[in-house]
Amino acid sequence: MNDTERRAAKARRHGLKRRAWYGPNGLRSQVLRRDQHLCRLRLPGCTIHATSVHLAPYRRGDHTAATPDDCLSACHHCHGVIDGRRSKGGVGRRQRTAS
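Before going into details, it helps to say that this report is about the structure given with it. (Residues numbered from 1 in each chain as written. Predicted model: local features only at pLDDT ≥ 70, side-chain atom pairs only at ≥ 80, totals over all residues. Heavy atoms only, no water.)

With respect to the overall build of the protein
(1) Moving on: In terms of helices and strands, the protein carries four helices and two strands.
(2) Moving on: In the protein, the succession of helices and strands from N to C terminus is α-α-α-β-β-α.
(3) Moving on: Expressed as a percentage of its 99 residues, the buried residues of the protein come to 35%.
(4) Moving on: In the protein, once contacts between residues fewer than 6 apart in sequence are set aside, the share between residues at least 24 apart is 53%.
(5) Moving on: Accessible surface computed for the protein: about 6,800 Å², of which carbon and sulfur atoms make up 51%. (Helix = DSSP H or I, 4+ residues; strand = E, 2+ residues; numbered from the N terminus. Buried < 20%, exposed > 50% of the residue type's maximum accessible area, 1.4 Å probe, protein only. Contact = heavy atoms within 4.5 Å. Areas by Shrake-Rupley, 256 points an atom, 1.4 Å probe, with all protein chains shown as cover.)

Brief notes about the pattern of salt bridges
(1) Moving on: Summed over all chains, the structure comprises two salt bridges.
(2) Moving on: Between Arg-40 and Asp-35 there is a salt bridge, and its shortest N-O distance comes to 3.0 Å.
(3) Moving on: Bridged by salt links that share partners, the residues Arg-34, Asp-35 and Arg-40 form one connected network. (Salt bridge = Lys/Arg side-chain N within 4 Å of Asp/Glu carboxyl O.)

Quick notes on unusual backbone geometry
(1) Moving on: Unlike most non-glycine residues, Gln-36 shows phi in positive territory, near 55°.
(2) Moving on: For Gln-36, the position within the fold is in the loop between helix 3 (27-34) and strand 1 (52-55).
(3) Moving on: Positive phi, close to 75°, is recorded for Ile-48, a residue that is not glycine.
(4) Moving on: Topologically, Ile-48 is positioned in the loop between helix 3 and strand 1.
(5) Moving on: What makes Ile-48 partly exposed here is its relative accessible area of 39%.

In structure tokens form, the structure reads like this:
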């Protein structure tokens, strides 16, 4: 699956209208322009050039309710590190408590 197909599948899962998020005036473009295509996460190994947008964890993946204030520009490396941690139950995820 190439990058465009992956993004389209994600948009379908989250009920996004492609233009609202990815279009030339979409939220993703607005955030990248606002941050001047510079990574705002700046983790070790950062490439500095932002190519994606990271949605704040408290939004729980709800792209339809996201605003520019809920997003940060991120380079491919930093975005992968943050999302990787979250998918493994780390940063930004609620921990389950034993019952």
